[in-house]
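Spelled out from the first residue to the last, the chains are:
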Amino acid sequence: MKTALTIAGSDSSGGAGIQADIKTMTVLGVYAMSAITALTAQNTTGVTAVLEVTPKFLEQQLDAVFTDIPPDAVKIGMVSSSELIKTIAEKLKFYNAKNIVVDPVMVATSGAKLIEDDAVETLKKYLFPLATVITPNIPEAEILSNIKIKTADDMEKAAKIIFENYGCAVLCKGGHSLNDANDILFDGEIKIFNGKKIDNPNTHGTGCTLSSAIAAGLAKNLTLIDAISAAKNYISGALAANLNLGKGRGPMNHAFLLENF
């Protein structure tokens, strides 16, 4: 069985972070493992507290995984401090990790800031060069490219700038400022992934879920393009299942594929 590791924060409400990643990878047929960067007290209405792990404990988690069940792919989500980012980068290089998907989580769907300012620069310097692909949404792509994104052409321009600056493939995700669900990949050339616009306000954890689904595809030896296509199809199905939980922006139904079991 193929394996994947998620390195991210825990979401106590289960819709995003480590919990979303494990659900996604499992449903997509990959054995999921985790290294937790932070505990969060959060639900569908927002994040109320964050308790970060120490760099030493994160290092111990990563050693425990890589020395026993080496992952076929790695997804990296919320990492809020420079020291943790450096720890991850050091261990990924030491163990020669492959198929690395970095979701540069900076702001929660609710608007809560999830990363320290200096950590953004550390992310760029240490993790992006190791990545197979990074998956910024529009607000994150604006930060990374230093341009405003108002149109699909702007998305293409931003993705190209990020690729040229950091040397990794970039999947710029639509759906925030733009009224569509189309994503744009730049890996030296442009590839557009058309998505279905689904009328569902419950989108908590979509970014976490997409990146972990891509990692699952890469773990199963799909090409990057095929892994992204499969991940987008999965996201569309999870949204279309119209799960409605919580008082805020609720989670998707990660297990929609199991409904007939």
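Shown above is the structure to which this text applies.
What you see is a predicted model, and the numbers here were worked out from it, not measured in a lab.

Enquirer: Teacher, can you tell me more about the side chain of Ser 81 here?
Expert: Mapped onto the elements, Ser 81 comes out in the loop between strand S4 (73-76) and helix H3 (82-94). Aside from chain neighbours lying at most four places away, what touches Ser 81 is Glu 52, Glu 116 and Ala 119.

Enquirer: Can you help me understand the environment of Lys 91 in this one?
Expert: Relative to the elements of secondary structure, Lys 91 occurs in helix H3. Taking relative accessible area as the criterion, Lys 91 reaches 10% and is therefore assigned buried. Sequence separation of Lys 91 and Val 170 is 79 residues, and the distance between their C-alpha atoms is 23 Å. Those residues in contact with Lys 91 that sit more than four places away from it in its chain are Glu 59, Leu 62 and Asp 63. One polar contact links Lys 91 to Asp 63, side chain to side chain, over a distance of 3.0 Å.

Enquirer: Help me understand the packing of helix H5 (residues 138-145) against helix H6 (residues 152-166) in this model?
Expert: The relative placement of two packed helices is expressed as an angle between their axes plus a distance between the axes. At a minimum axis separation of 9 Å, H5 and H6 run at an interaxial angle of 50°. Considering the angle they form, H5 stands oblique to H6. The element H5 and its partner H6 pack so that their crossing is left-handed. Note on element contacts: H6 touches H5 through Met 155, Ala 158, Ile 161, Ile 162 and Tyr 166, opposite Ile 138, Ala 141, Leu 144 and Ser 145. Among the residues making up the contact of H5 with H6, the classes are represented as eight nonpolar, one polar and no charged.

Enquirer: What am I meant to see in helix H1 (residues 17-27) here?
Expert: An α-helical segment advances 3.6 residues per turn. Residues three or four places apart therefore align on the same side. Taken residue by residue, H1 has Gly 17, Ile 18, Ala 20, Asp 21, Thr 24, Met 25 and Val 27 as its buried positions. Buried residues along H1 sit in contact with strand S1 (3-11), strand S2 (31-43), S4, helix H7 (206-219) and helix H8 (224-240). Backbone geometry just downstream of H1 places Gly 29 in the positive-phi region, at approximately 85°.

Enquirer: How should the sheet that holds S1 be read in this particular structure?
Expert: Picture the strands of a sheet paired through backbone hydrogen bonds; they go either parallel or antiparallel. Ordered by their spatial adjacency, nine strands build an open sheet running S3-S2-S1-S4-S5-S6-S7-S8-S9, and the pairing between neighbours is mixed. The open sheet terminates on both sides in strands that have one partner only, identified here as strand S3 (46-52) and strand S9 (190-193). The pairing of S1 with S2 spans nine bridges and is parallel. Within S2, the residue paired with Ala 8 across the bridge is Ile 36. Sheet contacts for helix H2 (residues 55-66): S1, S2 and S4; angle to S2, the most-contacted strand, approximately 155°.

Rules used throughout
- Residues numbered from 1 in each chain as written.
- Predicted model: local features only at pLDDT ≥ 70, side-chain atom pairs only at ≥ 80, totals over all residues.
- Heavy atoms only, no water.
- Helix = DSSP H or I, 4+ residues; strand = E, 2+ residues; numbered from the N terminus.
- Contact = heavy atoms within 4.5 Å.
- Buried < 20%, exposed > 50% of the residue type's maximum accessible area, 1.4 Å probe, protein only.
- Polar contact = N/O pair within 3.5 Å; in protein donor to acceptor, adjacent residues only side chain to side chain.
- Axes fitted to C-alpha atoms, helices over the stretch in contact; angles between N-to-C directions.
- Parallel < 35°, antiparallel > 145°, perpendicular 65-115°, else oblique.
- Left-handed = near helix turned anticlockwise from the far one by under 90°.
- Nonpolar A, V, L, I, M, F, W, Y, C, P; charged D, E, K, R; others polar.
- Pairing = 2+ DSSP bridges.

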